[in-house]
Amino acid sequence: MKSPMILTALAAALPSSFLAGIPCVRAADVTFERLRNPEPHNWLMNHHDYNAQRFSALDAINTSNVKHLKLAFAVALGGTSANENLVATPLVYDGFMYMADAWGVVYKIDLRSGTMGRIVWKMDPGQAKIDRNRGVALWGNLVISVTSHDGRVIATDKETGQVVWDKNLRDQPDMTLNAAPLALADRIIVGASGGDAGVRNWLVALDPKTGDVLWKTFSVPAPGEPGSETWKDKNNAWQTGGGAFYVTGSYDPDTNVTYWGAGNPAPKYDSSYRPGDNLYTNSALAIDAATGKIRWYHQYTPNDTMDFDESGSHILIDTKVNGEDRKIVTRAAATKNGHSLGV
């Protein structure tokens, strides 16, 4: 048996903590404008900002005092099973942290003292078994979370810890939900995983008030759909084609396009079973957030035989090209095939 996983917090040796000054009042709703304009003292979404740049403007910790960082406190999360893990990005809103463990349990933790973390509530979805959970999303007064193998998306009241709605999206035996949801103005984007197990993966948009499905877009097209000609087999390989989404996408509010990276095709090492380029696996996908339509794509590795999935973050950068303002979509680090993307 294993001890509970430990979530630690580090503090710099500074004169005071900004957390101590946050009043104990009911927090305001997390609006689209707040998500669109990140607040320096909060971390309201998985990547911090829609551009997925993960940049913090806080300067309390800098090159002169970083050597004084020390453990401030630790909070025990999780259960007592072997191989438990914490891979989620914690969200922090006005001194409260929202964190998910490998069981899909969501915790609200009061950090305001700067010297301890007090669990305010925890929402246990009763998930069947542990798996990777990369975090939650905040929308309005809700904390949106996923339950991996159970295939459920759950909305929890961020003040009370009570479940508001619970939506089961499970449509294939080995489908999992691992990526943190992406909260937009009027919808929540969730990506399915389990591609290596023969899942035909998808992105789905949910109504954040009810959990109802607004659209669903598969990363592997069905016969007759655009891209289906790239699955040239007689095995119906498209039905188990892969293309997992296990890292949260980015989003451009100006164009209402969300960018997600799709994983490798399946079976991942036997391309003879699935001749052709196997769209839209191993691809960057630009998805119309209103309709779910694929506006454009870039495939890094056609007919992959090396497990070169490209589900990593696709970062948006404002720059100039030939003197004109442009937004670049890039894999800031080289992809698995050794090439980077800038389009």
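Heads up: these notes are all about the structure in this document. (Residues numbered from 1 in each chain as written. Predicted model: local features only at pLDDT ≥ 70, side-chain atom pairs only at ≥ 80, totals over all residues. Heavy atoms only, no water.)

### Some remarks on the sheet that holds strand β13 (residues 202-206)
The antiparallel open sheet is built from four strands, whose spatial order is β11-β12-β13-β14. Each of the sheet's edge strands pairs with one partner strand only, and the pair in question is β11 (182-183) and β14 (213-218). Strand direction decides the pairing type here: β11 and strand β12 (residues 188-191), joined by two bridges, are antiparallel. Bridge pairing in β12 places Leu 182 opposite Ile 189. (Pairing = 2+ DSSP bridges. Helix = DSSP H or I, 4+ residues; strand = E, 2+ residues; numbered from the N terminus.)

### A word on unusual backbone geometry
For the bond running from Ala 266 to Pro 267, omega is -5°, close enough to zero to count as cis. Relative to the helices and strands, Pro 267 resides in the loop between β16 (257-261) and β17 (283-288). The peptide bond linking Leu 279 to Tyr 280 adopts the cis configuration, its omega dihedral lying at 0°. Along the chain, the position of Tyr 280 falls in the loop between β16 and β17. Located in the positive-phi region is His 48, a residue other than glycine, with phi close to 75°.

### Here we look at the nonpolar core
Looking at soluble globular proteins, one finds that nonpolar side chains tend to be buried together. Counting 53 residues, the largest nonpolar core has Tyr 98 and Val 153 as its most contacted members. Looking at this core element by element, the count peaks at five residues for β13. The residues contacting Val 153, other than those within four sequence positions of it, are Ile 144, Ser 145, Val 146, Trp 165, Asp 166, Lys 167, Leu 169, Leu 177, Val 190 and Leu 206. Listed in part, the 13 residues of the second largest apolar core include Ala 88, Met 99, Val 105 and Ile 109. (Core = buried A, V, L, I, M, F, W, Y, C linked by side-chain atoms within 4.5 Å. Buried < 20%, exposed > 50% of the residue type's maximum accessible area, 1.4 Å probe, protein only. Contact = heavy atoms within 4.5 Å.)

### Some remarks on the side chain of His 314
Turning to its location among the elements, His 314 is positioned in the loop between β18 (294-299) and β19 (315-321). A polar contact is formed between the side chain of His 314 and the side chain of Tyr 300, at a distance of 2.7 Å. Here the side chain of His 314 touches Gly 312 through a polar contact of 2.9 Å, landing on its backbone oxygen. (Polar contact = N/O pair within 3.5 Å; in protein donor to acceptor, adjacent residues only side chain to side chain.)

### Re the side chain of Arg 187
Following the sequence through the fold, Arg 187 ends up in the loop between β11 and β12. In this structure the side chain of Arg 187 is engaged in a polar contact, spanning 3.1 Å, whose partner is the backbone oxygen of Ala 290.

### Considering the sheet that holds strand β3 (residues 91-93)
Taken in spatial order, the four strands of this open sheet run β3-β4-β5-β6, and their pairing is antiparallel. Whereas interior strands pair on both sides, the edge strands pair on one side only; in this sheet they are β3 and β6 (118-123). Averaged over all neighbouring strand pairs, the angle between strand axes comes to 20°, with direction disregarded. Summarising the sheet, strand β5 (residues 106-110) and β6 pair through five bridges and their orientation is antiparallel. Among the inter-strand pairings, Lys 108 is bridged to a residue of β6, identified as Trp 121. (Axes fitted to C-alpha atoms, helices over the stretch in contact; angles between N-to-C directions.)

### Observations concerning the environment of Phe 218
Along the chain, Phe 218 falls in strand β14. Residue classification places Phe 218 among the partly exposed residues on the basis of a relative accessible area of 24%. Through-space distance from the C-alpha of Phe 218 to that of Gly 242 is 9.8 Å; in sequence the pair is 24 residues apart. When sequence neighbours within four positions are dropped, the list of residues in contact with Phe 218 reads Asp 171, Arg 200, Asn 201 and Trp 202.

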